[in-house]
Amino acid sequence: MTGRIEVVRAGALTTVQDAGRAGWAHLGVPRSGALDAPSHRLANRLAGNPATAAVLETTVTGCAVRPDRPVVAVVGGAPCRVTVDGRPVAWGAPVRVPAGAVLDAGPAVRGLRSYLAFGGGLLPEAVLGSRSADLLSGLGPAPLRDGDVLPLGHQGQARRSVADAVPWPAAPDVLVLPLHLGPRHTWFTDEALRTLTTAAYRVSSQSNRIGLRTEGPALERARTDELPSEGMVLGAVQVPPDGRPVVFLNDHPTTGGYPVVGVVPAPALAAAAQAGGGTTLRFVPAGG
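Below, the structure is looked at part by part. None of these values were measured; they are calculated from a predicted model. (Residues numbered from 1 in each chain as written. Predicted model: local features only at pLDDT ≥ 70, side-chain atom pairs only at ≥ 80, totals over all residues. Heavy atoms only, no water.)

1. Brief notes about the pattern of salt bridges
Note the cut-off: We define a salt bridge as a contact between a side-chain nitrogen of Lys or Arg and a carboxyl oxygen of Asp or Glu at a distance within 4 Å. By the criteria applied, helices consist of DSSP H or I runs no shorter than four residues and strands consist of E runs no shorter than two, each listed in order from the N terminus. Buried means the residue's accessible area, taken with a 1.4 Å probe over protein chains only, is under 20% of the maximum for its type, while exposed means over 50%, and partly exposed covers the values in between.
In this structure the tally under the stated criterion is 11 salt bridges. Asp-68 is the salt-bridge partner of Arg-4, the closest N and O atoms lying 3.9 Å from each other. Highlighted residues: Arg-4 in strand 1 (residues 3-9) and Asp-68 in the loop between strand 4 (63-67) and strand 5 (71-77), separated in sequence by 64 residues. Judged by its relative accessible area of 44%, Asp-68 falls in the partly exposed class. The partner of Glu-191 in a salt bridge is Arg-194, with the nearest N and O atoms 2.8 Å apart. With Glu-191 and Arg-194 both in helix 2 (residues 190-198) and three residues apart, the pair spans about one turn of that helix. With relative accessibility at 47%, the residue Arg-194 sits in the partly exposed group. One connected set of salt bridges, linked through shared partners, spans Glu-57, Arg-113, Arg-209 and Asp-251.

2. A look at the packing of aromatic side chains
Our working rule: Any two of the Phe, Tyr and Trp rings considered here, Trp counted by its six-membered ring, make a pair once their centres fall within 6.5 Å; the pair's planes then place it as stacked at under 30 degrees, edge-to-face at over 60, or tilted in between.
If you walk through the whole model with that rule in mind, you get two aromatic pairs. With a centroid separation of 5.6 Å and 45° between ring planes, the pair formed by Trp-91 and Trp-168 is classed as tilted. Highlighted residues: Trp-91 in the loop between strand 7 (87-89) and strand 8 (95-97) and Trp-168 in the loop between strand 11 (149-152) and strand 12 (174-181), separated in sequence by 77 residues. When its relative accessible area of 27% is taken as the criterion, Trp-91 is described as partly exposed. Since its relative accessible area comes to 14%, Trp-168 is described here as buried.

3. Comments concerning helix 2
The line we're drawing: For this quantity, the arc is that covered by the directions from the helix axis to the C-beta atoms. Pairs of residues are marked as contacts when any of their non-hydrogen atoms sit within 4.5 Å.
Of all the positions in helix 2, only Ala-192, Leu-193, Thr-195 and Leu-196 are classed as buried. Buried residues of helix 2 fall within an arc of 160° about the axis and therefore sit on the same side. Facing away from the buried side of helix 2, by more than 90 degrees, are the exposed residues Asp-190 and Thr-198. Close packing links the buried residues of helix 2 with strand 12, strand 13 (201-203), strand 19 (260-263) and strand 20 (280-285).

4. Quick word on the pairing of strand 9 (residues 103-108)
Two faces belong to every sheet, and in a regular strand the side chains alternate between them. Convention followed: Pairing between strands is defined by DSSP: at least two bridges between the two strands are required.
Summarising the sheet, strand 4 and strand 9 pair through three bridges and their orientation is antiparallel. Across the sheet, Ala-64 pairs through a bridge with Asp-104, a residue of strand 9. Bridge count between strand 6 (residues 80-84) and strand 9: four bridges; the pairing is antiparallel. For Thr-83, the partnering residue across the bridge sits in strand 9 and is Asp-104.

So, in structure tokens, the structure goes:
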């Protein structure tokens, strides 16, 4: 049985996200996809969906939706109060939402981004093989607004996982990001490189899906000439003129002209999705 969900409360920023559209960077198309990939996969698993199915990714304030058919839903990621027509229900576990009832995922109690998975998945039109919204390029469905309607997949294909307790990833008290130096670390002084891997930074409130901005000591450049634009990868740590590192996340540009001092491995970036402004951030040398 297919159906639709209506957006009753869109929240500060709610987007449709799946596993992303990897493989198009050579054409200038970012990866996009759910920032907290483990939470995205787990929410889908509990809803009985393939791990790559499209979900809603909320930011800080949550969202509320109304399905036009009964649906199994899971709200995971950042912990929040979850209600169905005002009645408290479980966070992080499958709940049944009747047709016409309002599922409300409230503001995040800890972390930033919650994930709403629905049995059958969300089925907005795919672009380049993905249903993800990309804030930088504008590909995929636009960020949700009150009154928007999204199609739901066939719930009969869903097979829900049953478990007494499921360990959800927690928002970090201190965000620790492993760092491989290069390709432009020689553009910085030795002191700057020591500072990068020993100083405590803070996550800036100006961070978004494009990049995690930092506050803290500036990195001094050893070279002041201009760098031609070159390819950027997920996790690249670019250093703009103010000297504060920026960690590129899923909606990052595919080229850039500021030097990249290092790269954070993609699996380590999920924690960055839940690190709010003011969180202590440390870069540490990556092993191996």
